Amino acid sequence: MAAATTLAVSGCCRISISSAANLTVLSSDSFTTPKSSISSLSFVFHGSENLRRRLVRKKFRINALFWGPRKTVGPPDADISLGDFLLSGSGLEETSKISYSPRKISFSVISSISEVSSRDWDACVLDACGSDKLNPFLTHGFLSSLEESGSSSKVTGWLPRHIIGKDELDNIIGVVPLYLKSHSYGEYVFDHSWADAYYSYGSSYYPKLQCCVPFTPVTGPRILIRNLSHKDEVFDALVSALKDLTLKLQVSSLHITFPSECQWSFMKEKGFLQRIGMQYHWKNRNYKNFDDFLMDLKQNKRKNIRQERKKILAQNLTMKRLRGYEIKAHHWDAFYKFYRNTTDNRWGHAYLTRDFFHEMGSKMGDNVLLVTAEEGGELVAGALNLIGGNTLYGRLWGCLPESYFPSLHFEACYYQAIEAAIELKLANVEAGAQGEHKIQRGYLPVPTYSCHYIVDANFAKAIEGFLVRETTQVRFVMKLLRDSSPFKDGIEW
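Since we're looking at a predicted model, the values are computed, not measured.

**Student:** What is the right way to look at the sheet that holds strand β16 (residues 378-387) in this model?
**Tutor:** Across a sheet, strands are paired by hydrogen bonds formed along the backbone, either parallel or antiparallel in direction. If you trace the 11 strands from one edge of the open sheet to the other, you get β6-β9-β10-β12-β19-β13-β18-β17-β16-β15-β14, paired in mixed fashion. The open sheet terminates on both sides in strands that have one partner only, identified here as β6 (158-160) and β14 (317-323). Sheet twist, expressed as the average angle between the axes of neighbouring strands with direction ignored, equals 30°. Of the pairings in the sheet, the one linking strand β13 (residues 273-283) to strand β18 (residues 428-433) comprises four bridges and is antiparallel in character. Looking at the pairing, K283 lines up with N428 of β18. Contacts from helix α5 (residues 231-248) reach β10 (208-211), β12 (253-257) and β19 (444-454), with the element oriented near 140° to β12.

**Student:** Mind showing me how you'd approach the pairing of β12 here?
**Tutor:** When a strand is regular, its side chains alternate between the sheet's two faces. Judged by how many residues are buried, β12 sits mostly within the fold: five of five residues are covered. Taking every second residue as pointing to the same face, both faces of β12 are buried, with S253, H255 and T257 on one and L254 and I256 on the other. Where β10 lies against β12, three bridges are found, and the strand directions are parallel. Pairing of C211 across the sheet is with I256, part of β12. Relative to β19, β12 is paired through five bridges, and the arrangement is antiparallel. Counted as the bridge partner of T257 is S450 from β19.

**Student:** Sorry if this is basic, but what is going on with the packing of aromatic side chains here?
**Tutor:** Any two aromatic rings considered together are summarised by their centre-to-centre distance and by the angle between their planes. Under the criterion given, the structure shown has 30 aromatic pairs. An angle of 85° between the planes, with centres 5.6 Å apart, marks the rings of F142 and F356 as edge-to-face. Placement of the pair is F142 in helix α3 (residues 140-148) and F356 in helix α10 (residues 354-364), with a sequence separation of 214 residues. Residue class for F142 comes out buried when judged on its relative accessible area of 5%. Overall, the relative accessible area of 2% leaves F356 in the buried class. Each member of the aromatic cluster is reached from another via a ring pair, and the members are F137, F142, W332, F335, Y336, F338, Y339, F356, F357 and Y393. We note K181 situated over the ring of W158; from NZ or CZ to the ring centre the distance is 3.8 Å. Taking the ring centre of F290 as reference, the NZ or CZ of R309 above it sits at 4.3 Å.

**Student:** Explain helix α2 (residues 118-129) here, please?
**Tutor:** Within an α-helix, residues lying three or four positions from one another point in the same direction, as the helix has 3.6 residues per turn. With 12 residues, α2 extends 16 Å from end C-alpha to end C-alpha; this agrees with the ideal 16 Å at 1.5 Å per step. Every buried residue of α2 is accounted for by W121, C124, V125, D127 and C129. The inward-facing, buried residues of α2 abut α3, β7 (162-167), β8 (172-176), β11 (224-225) and α5.

**Student:** What's the story with unusual backbone geometry in this structure? I'm lost.
**Tutor:** When glycine is set aside, most residues are seen to have a negative phi, and most peptide bonds are trans. Cis geometry is found at the peptide bond from Y206 to P207, where omega equals 5°. Phi is positive for F215, which is not a glycine, with a value near 65°. Among the secondary structure elements, F215 is positioned in the loop between β10 and β11. Residue classification places F215 among the buried positions, given a relative accessible area of 9%. Within the chain, E402 stands out as a residue other than glycine whose phi angle is a positive 65°. Here E402 lies in the loop between β17 (391-399) and α11 (408-424). With relative accessibility at 83%, the residue E402 sits in the exposed group.

**Student:** Would you take a moment to explain the nonpolar core for this structure?
**Tutor:** Generally speaking, soluble globular proteins have nonpolar side chains that are buried together. Residues F142, F293, F357 and L384 are the most contacted members of the largest nonpolar core, which totals 88 residues. For this core, the element with the most residues is α11, which contributes 11 residues. In this structure, F142 is in contact with P136, F137, V213, T216, F356, M360, M364 and L386, ignoring residues within four places of it in sequence. In terms of nonpolar packing, the next biggest core, distinct from the first, is built from 37 residues, L249, V251, M267 and I276 among them.

**Student:** Help me understand the side chain of E411 in this model?
**Tutor:** In this fold, E411 is placed in helix α11. Side-chain polar atoms of E411 contact the side chain of R309, separated by 2.7 Å. Setting aside residues no more than four positions away along its own chain, E411 makes contact with R309, I312, M319 and Q416.

Conventions used here
Residues numbered from 1 in each chain as written. Predicted model: local features only at pLDDT ≥ 70, side-chain atom pairs only at ≥ 80, totals over all residues. Heavy atoms only, no water. Pairing = 2+ DSSP bridges. Helix = DSSP H or I, 4+ residues; strand = E, 2+ residues; numbered from the N terminus. Axes fitted to C-alpha atoms, helices over the stretch in contact; angles between N-to-C directions. Contact = heavy atoms within 4.5 Å. Buried < 20%, exposed > 50% of the residue type's maximum accessible area, 1.4 Å probe, protein only. Phe/Tyr/Trp six-rings, centres within 6.5 Å; stacked < 30°, edge-to-face > 60°. Lys NZ or Arg CZ within 6 Å of the ring centre and 35° of its normal. Expected span 1.5 Å × (residues − 1). Core = buried A, V, L, I, M, F, W, Y, C linked by side-chain atoms within 4.5 Å. Polar contact = N/O pair within 3.5 Å; in protein donor to acceptor, adjacent residues only side chain to side chain.

The structure is reproduced here in structure tokens:
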């Protein structure tokens, strides 16, 4: 039996793999050399989720995947009372629905969003986002669907630990969606290499606190506060409460992922490390229709998109955009099958349950847009979108197992989303993470943000140095990608 071989790769966890055949080396993933007749291979990789998925598809047998002790690590029992904060503000803005000026705010931690009424939670969301920029993923309906369906729970490693801020009359004036995590999956800001560094030095990275929308790389505010004249004071108090909770739970770190740029900037002053990433968004330049959008593209890009759309008609596929009551139970059952086909073949793990789609569809109503493709009356593919105040958010896609329709993915996920945004007069389409192929279809790279509070000062310093180098690389790549824009010269995006 060959000795175990360690390979350093660009990425993040320890994996033990057994294979009787030769290892096919993927040079793009930075393997230093192929190894033959390997019966046991262990290596470390730092950040490439795509590599992990491709290894799974290669049919290797994964014996272990871990970042620390195999036993479940839970938070110590502790008093997590976060105390009271006195406010010095003079009152509320006229836009606030609270008719008096609170002087004190008390913070508590709840284990389920069901402990807060949808009215109170969504009032914070509405004020934090603004009615014209409402983010549906932050609403009580979406987050409660995740919890009630078992998608975000202790079993799945997403233990709700939301922070609630109340004034002296028990009115909720601030909320923060927060989870105690036992892993780093479903976050889309990769910190696996940080976990491995902790493990290498005998420390535990998990559990950690994660402020985000589970399984959803959607941008928007994370600290959700009512419209108070002393809103900045409440913001500061909530950040202090978050840091206090991190220390009281004795966890390694607190991560706020995909916040608004404004909140991201404020967090730097509060001792958080700053990180940027990249997504692909489409911008509506007051287009009247899809052809109007195409006229802004270079001739060869315009021609390519038209050819791709013609393939849909040539395959006798019927595209539909369904909203609210138009989406029936059988649509969700079919879409769950599509979703599982995608996760089983690409990711290896389904984060969302069947019940989630039914719950979410029922609660979110007309905020849901389901794009479907039919062949001979049979549903064969679908793409899930949520409609916000000024943005269409493209999230999930899938099709029937073993089926293949050229260009259908582009049609369902990108072109139908653009048509819907134009029709609904929405300013943007967020197409999510990854996928340079989106650029040639009108989706250009934009920065995304995350903030990280690392308790251990030595690790914080090392991670900060890494983030400085990473930021330079990300901004450089974004410039290169934007230079390859499909839009005509002179069109500002």
